[in-house]
Amino acid sequence: MFLKNFLYHMGRYTMMLGTSFSRPEKHYMYYKETMRQMNDIGIGSLIIVGLISIFIGAVTAVQFLYQLDGTLVPTYYVGYIIRDSTIIELAPTITCLVLAGKVGSNMAAEIGGMRQKEHIDAMEIMGVNTAAYLIMPKVIAALVVIPMLVAVAAFVSVIGGYLAAVPTGMMSDAEYIQGVRSFFEPFNVVMMFVKAIVFAFLLTTISCYQGYYVRGGSIELGQASTNAVVFSDIMILLADYLIAVLLTG
Amino acid sequence: MIRAENIYKSFDDNEVLKGITTEFYPGKTNLIIGRSGAGKTVLLKLLIGLHAPTSGKVFYDDVDFFSLSKKEVRSIRMKVGMLFQASALFDSMTVEENIRFPLDMFTNMTWKEKENRVNFCLERVNLGKVNDNYPSEISGGMQKRVGIARAIVLEPKYLFCDEPNSGLDPKTSIVIDELIRDITVENNITTVINTHDMNSVMEIGDNVILLYKGEIAWRGNRDEVLHSDNEVLHDFMFASPFLQQLRDSALQK
C-alpha cells in the first residue's frame, strides 16, 4: 500500500514537472509572475532569514568558546568553525528548512486556494497551461533568490558570531578575524550553492505539487499546506545527506 | 454547434451520466436543467473537457474533442468562454486586470487596444467605473457581470455558464439571463447554461434538456414546458402547490 502510494505520487509529481517546464504562452506574463515571486520569496523572507542567521552565528560562537575553554585548541579556531559550519551546513540547510515553512506553505495554500475557488479551472478553460504558469515562475524565482538568501545567511551568521564573541570579551577582534580568514576552502562555497539550488528546487516543487492537486475544502487545504512543509523538510534533509556524501566522499 | 454522443461517466462505481446524446445550437441559449445531483455539472465539465467521459464523444463543429492533442485542445479552448458559479475572478487582480488577463496571455494587442476592448466588454455588461476595484469590493451581481465580460473578451464561439444565477436576487437573475441571451444572439455564440432556476427556463430556454438520474428525461423549449405532460419535468418545474396553481391558471387562460 505504501509503495503503491509512493509510486503514484512520484509519477504524478514527475508528470507535473514535465508539464510545468513547457513553452510559455506569453513570455512577458511569465516574466512578470517570476518577478513577483522573486519579490515575495526574496524580500519577503529577508528579515526572518537574517534574524535566524544572526542567532545561529551567535549560538555557535558561544557554544564553541565554551567547549574549547581549557583545551589546547587556539581560540581563533572559533571564527574558522563558525565560517565553515555556516557555509557548509547551517546557512543552506537551516535557511531552506525555514523557507519550507514560510514560502512552501504559502505556495501550497496559494495554489490550493486557486484550485478550490475554480481559478485554475478558469485558466485551463481559457487555454492557459496552468501547471506551467503557476509553477514554473515560482521554481525559477526560488532557484535565483534562495541561493542569494543563503549567501546572505552565511554572511550574517559570521557577523552574528562576531557580535556574540568579540564585544562580550570572550575573544579578541584580531582572533576572530584571523579564524574567519584561516584554512579557507573555496569548494565549500560551491557546496553551499549546490545545496541551496537543490533545496530550493525541492521545496518549491513539492509545495506546488501539494497545492496543485488539493481536493475538498479548508481542512484538505490545511493538510496540503502542512504536507508541503513536512515533505519538503524530509526531502531537504535527505538531499543534504546525499549531497554531503557525494561532494565530500 | 456542440454535439454530445452517447456519453457515459462514472466515478468509481457511481454512474453519473448514462448515455447522454444531445446537441447545443449556435445563436441559442441551450439549458441543462435538473435537480441537484442529476449530473448537470458533470455534463458541463465534460463538455469543456475538465472531465473525460468513461465512454462517448463530444464534437465541437464535427471535431472530436477528446481525440485532440493538448495543443489542439488549447486552441479550441481559446474559442471558449466560461462563467463560473462563484465567478472565479482572480482575487489579487483588479476588475480590469481580470478581464485583460486572456488578452495579455493570448493576443499581441497594444496596451491601448486592450484597454479599449476591456472597456467595451465592461460597457456591454452594463458596468462602468469599476476598472480599478478588486472583486471583493463589488457585489455578487457585478462579479457575475465581470465574469461574463472576461468570458467574452476573446470573442468566443462557445460560452458555458455554470449556475449563473446562484446567489442572486430574482431581479438581478433576470438581468444576467437577458444579458447572456443578448450576447448569444448578437455574436451567434453556442451558449450552454447549467441551471436549476425556473425563471431562466421560462425566460431564455431556447433549447432545454432535463437531466434526471443521469439520463435525459425531457427535451424541448420554454414554450413547450407548460404544455408538456412529462411528470419528471412537472416535479422539477412546479415543485410547490403555489407554482402548480400558477401553471393551472396559465393553462386555463
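Residues numbered from 1 in each chain as written. Chains lettered and ligands numbered in written order. Predicted model: local features only at pLDDT ≥ 70, side-chain atom pairs only at ≥ 80, totals over all residues. Heavy atoms only, no water.

1. Considerations on the overall build of chain A
So, step 1. When its secondary structure is counted, chain A shows 8 helices and 0 strands.
So, step 2. In sequence order, the secondary structure elements of chain A are arranged as α-α-α-α-α-α-α-α.
So, step 3. Within chain A, buried positions represent 49% of all 249 residues.
So, step 4. A separation of at least 24 residues holds for 86% of the contacts in chain A among residues at least 6 apart in sequence.
So, step 5. Element-wise, carbon and sulfur atoms account for 71% of the exposed surface of chain A, whose accessible area totals about 11,900 Å².
So, step 6. In chain A, 14 positive and 16 negative side-chain charges are present, and the distance between their average locations comes to 10 Å. (Helix = DSSP H or I, 4+ residues; strand = E, 2+ residues; numbered from the N terminus. Buried < 20%, exposed > 50% of the residue type's maximum accessible area, 1.4 Å probe, protein only. Contact = heavy atoms within 4.5 Å. Areas by Shrake-Rupley, 256 points an atom, 1.4 Å probe, with all protein chains shown as cover. Lys, Arg positive; Asp, Glu negative; His and termini not counted. Charge placed at Lys NZ, Arg CZ, Asp CG, Glu CD.)

2. A word on the overall build of chain B
So, step 1. Scanning chain B for helices and strands turns up 10 helices and 10 strands.
So, step 2. Whereas a compact globule of 253 residues would reach a radius of gyration of roughly 18 Å, chain B reaches 19 Å, a difference of no more than 12%.
So, step 3. Once the C-alpha set of chain B is aligned to its principal axes, its extents read approximately 55 × 45 × 30 Å.
So, step 4. Going through the 253 residues of chain B one by one, you find that 51% of them count as buried.
So, step 5. Sequence separation of 24 or more characterises 65% of the internal contacts of chain B that already satisfy a separation of 6 or more. (Rg over C-alpha atoms; globule rule 2.2 N^0.38 Å.)

3. Digging into the pattern of salt bridges
So, step 1. Using the criterion set out here, one finds 21 salt bridges over all chains in the structure.
So, step 2. With a closest N to O distance of 3.9 Å, glutamate 118 of chain A and lysine 45 of chain B form a salt bridge. Residue glutamate 118 of chain A is found in the loop between helix H3 (77-116) and helix H4 (119-126), and its partner lysine 45 of chain B is found in helix H1 (residues 40-48); the two belong to separate chains. (Salt bridge = Lys/Arg side-chain N within 4 Å of Asp/Glu carboxyl O.)

4. Some thoughts on H1 of chain B
Residue and element names in this part refer to chain B.
So, step 1. Within H1, 8 of the 9 residues are buried, which leaves the element mostly enclosed by the surrounding structure.
So, step 2. Residues of H1 that are buried: Lys40, Val42, Leu43, Leu44, Lys45, Leu46, Leu47 and Ile48.
So, step 3. A positive phi of about 95° marks glycine 49, the residue just after H1.

5. What about the side chain of threonine 205 of chain A?
Residue and element names in this part refer to chain A.
So, step 1. If you trace the backbone, threonine 205 turns up in helix H7 (residues 186-212).
So, step 2. Here threonine 205 falls in the buried class, since its relative accessible area comes to 0%.
So, step 3. At 2.7 Å, the side chain of threonine 205 forms a polar contact with the backbone oxygen of phenylalanine 201.
So, step 4. Leaving out residues up to four positions away in the same chain, threonine 205 has contacts with Tyr13, Met16, Leu17 and Val139. (Polar contact = N/O pair within 3.5 Å; in protein donor to acceptor, adjacent residues only side chain to side chain.)

6. Overview of the interface of chain B and chain A
So, step 1. Every contact between the two is made by 24 residues of chain B and, on the other side, 18 residues of chain A.
So, step 2. Here chain B and chain A share an interface that buries about 2,000 Å² over both sides, 64% of which is from carbon and sulfur atoms.
So, step 3. Linking chain B with chain A are 3 salt bridges.
So, step 4. Counting across the chain B and chain A interface gives 5 residue pairs in polar contact (both at pLDDT 80 or more).
So, step 5. Of all the elements in the fold, those that place two or more residues in the side of chain B that touches chain A are H1, helix H2 (70-77), strand S6 (80-83) and helix H3 (95-106) of chain B.
So, step 6. Looking at the side of chain B that touches chain A, the element that brings in the most residues is H3 of chain B, giving 5 residues.
So, step 7. A class-by-class count of the residues in the side of chain B that touches chain A yields 14 nonpolar, 3 polar and 7 charged. (Buried area = accessible area lost by both parts, 1.4 Å probe. Nonpolar A, V, L, I, M, F, W, Y, C, P; charged D, E, K, R; others polar.)

7. Concerning the sheet that holds S6 of chain B
All names here are of chain B.
So, step 1. Reading across the sheet, the 6 strands line up as S6-S7-S8-S3-S9-S10 and stay open at both edges, with mixed pairing between neighbours. Where the open sheet ends on each side, the last strands, each with one partner, are S6 and strand S10 (215-220). Neighbour to neighbour, the strand axes of the sheet diverge by 20° on average, direction disregarded.
So, step 2. The sheet strands contacting helix H6 (residues 170-187) are strand S3 (29-34), S6, strand S7 (158-162) and strand S8 (190-195), and the helix crosses S8 at an angle near 160°. (Pairing = 2+ DSSP bridges. Axes fitted to C-alpha atoms, helices over the stretch in contact; angles between N-to-C directions.)

8. Topic: the packing of helix H5 (residues 130-165) of chain A against helix H6 (residues 173-181) of chain A
All names here are of chain A.
So, step 1. Where H5 contacts H6, the two axes come as close as 10 Å, and the packing angle between them is 155°. Classed by the angle they form, the pair H5 and H6 counts as roughly antiparallel. Two packed elements cross with a definite hand, and for H5 against H6 that hand is right-handed. Judged by residue contacts, Val158, Gly161 and Tyr162 of H5 engage Asp173, Tyr176 and Val180 from H6. (Parallel < 35°, antiparallel > 145°, perpendicular 65-115°, else oblique. Left-handed = near helix turned anticlockwise from the far one by under 90°.)

9. Some points on the packing of aromatic side chains
So, step 1. Scanning the entire structure with this criterion turns up 15 aromatic pairs over all chains.
So, step 2. When the centroid spacing of 5.2 Å and the interplanar angle of 35° are considered together, the rings of tyrosine 60 of chain B and phenylalanine 65 of chain B count as tilted.
So, step 3. Relative accessible area serves as the criterion here: at 4%, phenylalanine 65 of chain B is assigned to the buried category.
So, step 4. Looking at arginine 12 of chain A, its charged tip hangs above the ring of tyrosine 213 of chain A, at a distance of 4.1 Å from the centre.
So, step 5. Over the ring of phenylalanine 11 of chain B we find lysine 9 of chain B; its NZ or CZ atom is 4.9 Å from the centre of that ring. (Phe/Tyr/Trp six-rings, centres within 6.5 Å; stacked < 30°, edge-to-face > 60°. Lys NZ or Arg CZ within 6 Å of the ring centre and 35° of its normal.)

10. Points about helix H2 (residues 27-68) of chain A
In an α-helix, one turn spans 3.6 residues, which is why side chains three or four residues apart end up on the same side.
So, step 1. The largest bend in H2 of chain A is about 50°, located at leucine 46 of chain A.
So, step 2. At the exit of H2 of chain A stands glycine 70 of chain A, carrying a positive phi of roughly 85°. (Bend = angle between axes of the 7 residues up to and from the residue.)

11. So, the sheet that holds strand S2 (residues 14-24) of chain B
So, step 1. With antiparallel pairing, the 4 strands of this open sheet are ordered in space as S2-S1-S4-S5 (chain B). Because the sheet does not close on itself, it has two edges, and the strands there are S2 and strand S5 (63-64) of chain B.

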